[in-house]
Amino acid sequence: DDDDSILNEDLDLTTLFPMKKIKAQLQRDEGVGRISTKAIEFIGACSAIFVNDLAKEAAKVGKQQRDSEKSTSSPIQKEKETKKTRGRKRKLEDAADEDNSSKKYNKSQA
């Protein structure tokens, strides 16, 4: 699966999310005092794992939906396709009839 190649790469989970922003967000809460660097790295790594898993699952679901849409058409879609096919067939038959009629006309004129 070439589509999944980006999602399968090994990620440096400690640098995926900016530590300064994580720390700033945590410090907005009045109940949070001092925060260790390891705790911030751990939160960043967990967030990265979550986003990575979410992206992989979303890609998998999207691929399944695309594949199922390709393999099965709704009854309404099938009916539309049948009508299109019938219309094209009629046009071809009409064109063939016109061609045959003009040939017969030309033969009778000669």
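Structure: see above.
Here's a quick rundown of the structure. As the structure is a prediction and not an experimental result, all values here were calculated from the model.

Here we look at the overall build of the protein
Point 1. The helix and strand inventory of the protein stands at four helices and zero strands.
Point 2. Ordered by position in the sequence, the α and β elements of the protein form the string α-α-α-α.
Point 3. Within the protein, the fraction of its 110 residues that count as buried is 7%.
Point 4. Considering only residue pairs separated by 6 or more positions, the protein has 59% of its internal contacts joining residues 24 or more positions apart.

Section: a positive patch on the surface
Point 1. The grouping of K80, K84, R88 and K91 at the surface amounts to a positive patch.
Point 2. Tracing the chain through its elements places K91 in helix α4 (residues 75-109).

Here we look at the pattern of salt bridges
Point 1. Under the criterion given, the structure shown has three salt bridges.
Point 2. For K38, the salt bridge identified is with E41, shortest N-O distance 3.7 Å. One end of the pair is K38 and the other is E41, both in helix α3 (residues 37-71) and three residues apart, which spans about a single turn.
Point 3. Among the salt bridges present, the one from K63 reaches D67, with a minimum N-O distance of 3.3 Å.

About the thresholds
- Residues numbered from 1 in each chain as written.
- Predicted model: local features only at pLDDT ≥ 70, side-chain atom pairs only at ≥ 80, totals over all residues.
- Heavy atoms only, no water.
- Helix = DSSP H or I, 4+ residues; strand = E, 2+ residues; numbered from the N terminus.
- Buried < 20%, exposed > 50% of the residue type's maximum accessible area, 1.4 Å probe, protein only.
- Contact = heavy atoms within 4.5 Å.
- Patch = residues over 30% accessible without salt bridge, like charges linked within 9 Å, V, L, I, M, F, W, Y side chains within 5 Å.
- Areas by Shrake-Rupley, 256 points an atom, 1.4 Å probe, with all protein chains shown as cover.
- Salt bridge = Lys/Arg side-chain N within 4 Å of Asp/Glu carboxyl O.
- Lys, Arg positive; Asp, Glu negative; His and termini not counted.
- Charge placed at Lys NZ, Arg CZ, Asp CG, Glu CD.

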